[in-house]
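# Structural characterization, general
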Amino acid sequence: MGTRSSVTEKFKGIFPAFYACYDEQGDISPERVRAFTQFLMDKGVNGLYVCGSSGECIYMTKEERMLTLENVMAVAKGKIPVIAHVAAMSTRESVELAQHAQKCGADALAAVPPFYFTLPEYAIEQYWKAMIDATDLPFIIYNIPGTTHYALSMNLFMKMKSYDKVVGVKNSSMPTYDIQRFKAAGGPDFVVFNGPDEQFVAGRIIGADAGIGGTYGVMPELFLKANEALMQGENDKAREIQYAINNIIETMTSCQGNLYSVEKEILRMQGVDIGQARLPLPPFTQEDLPKIRKAAEMIEDSKKRFC
């Protein structure tokens, strides 16, 4: 796997959480997966995070997730790093997805804790360890208490960090203090990804090395420019961009339709059709359309201002 520093160096920057790409019948569209992958690569993103929450993984079959990753890799392999989220309801299925990701050439694995049942920490550790042991790939812990209802403790974090293949954590809890704690305990060669898009700049300033986000896909230019400003020490400019991003996110989330439904319509307005979000995620309504158009205009105006 190489030294930890050589492995983690490529997991820096802006990693959009890849959206599920469906055809008109609601099935996975290999053509649209490839087109969306190329679209994001053309924007200059630093990597991709595939089949996570934004990828509607919990509403996909194992085979659909495999098909999605295969087609992402057909375009991105060897060009930008790809992190495959492989957590599933059962350990067996998670291991199968992990092994498939390695065969496809993914650069790393990631997984949320088991969800639905409340499990003790030793069971969560064993769940993750099964995926870690199944491949030679680096592994990234995914802490997202808002959906899994488990907040990663420092005790379990330190146990997981002791495994050589565990190279990072994606932290999607809202307190930036969690990022500080994970970065301090992880050290310079341990990658911490900021999860909540609304606090990207704050997360990076307090210690995150990179970002993985569900709204990056509709406005990657803004996140890339915010990250660039931070790297150049232009914190005031980064904060301005973050404020613009947050106004866009607030407009998108004020719709009745699910955020992913809204984002997919914005992408369609940008010339990239990847279908609709899958039920039970609610589609956007006709009443949402003025807000969706406004969000799309805000993105374009912000790109003109900052990019």
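The structure reproduced in this document is the subject of the present report. None of the values given here were measured: they were computed from a predicted structure.

### Some words on the sheet that holds strand 5 (residues 139-143)
Sheet architecture is open: 8 strands sit in the order 1-8-7-6-5-4-3-2, paired in parallel fashion. The open sheet has two edge strands, strand 1 (13-16) and strand 2 (48-50), and neither has a second partner. Put simply, the sheet's adjacent strands are angled 25° from each other on average, direction ignored.

### Digging into the packing of aromatic side chains
Inspection of the entire model under this criterion finds 12 aromatic pairs. Ring centres of phenylalanine 200 and tyrosine 216 lie 6.3 Å apart, and the angle between their planes is 85°; on these two criteria the pair is classed as edge-to-face. Within this pair, whereas phenylalanine 200 is found in helix 9 (residues 200-206), its partner tyrosine 216 is found in the loop between strand 8 (210-213) and helix 10 (220-231), the two being separated by 16 residues in sequence. For the pair formed by phenylalanine 200 and tyrosine 216, the shared burial category is buried. Here phenylalanine 200 and phenylalanine 223 contribute two aromatic rings whose centre-to-centre distance is 5.8 Å and whose plane-to-plane angle is 80°, an arrangement assigned as edge-to-face. Of the two residues, phenylalanine 200 is situated in helix 9 and phenylalanine 223 in helix 10; the sequence distance between them amounts to 23 residues. Each of the two residues, phenylalanine 200 as well as phenylalanine 223, counts as buried.

### Here's the deal with the side chain of glutamate 221
In this structure, glutamate 221 sits in helix 10. A relative accessible area of 15% places glutamate 221 in the buried class. One polar contact links glutamate 221 to lysine 43, side chain to side chain, over a distance of 2.8 Å. Residues contacting glutamate 221, with those up to four places away along its chain left out, are Lys43, Lys303 and Cys307.

Procedures and definitions
- Residues numbered from 1 in each chain as written.
- Predicted model: local features only at pLDDT ≥ 70, side-chain atom pairs only at ≥ 80, totals over all residues.
- Heavy atoms only, no water.
- Pairing = 2+ DSSP bridges.
- Helix = DSSP H or I, 4+ residues; strand = E, 2+ residues; numbered from the N terminus.
- Axes fitted to C-alpha atoms, helices over the stretch in contact; angles between N-to-C directions.
- Phe/Tyr/Trp six-rings, centres within 6.5 Å; stacked < 30°, edge-to-face > 60°.
- Buried < 20%, exposed > 50% of the residue type's maximum accessible area, 1.4 Å probe, protein only.
- Polar contact = N/O pair within 3.5 Å; in protein donor to acceptor, adjacent residues only side chain to side chain.
- Contact = heavy atoms within 4.5 Å.

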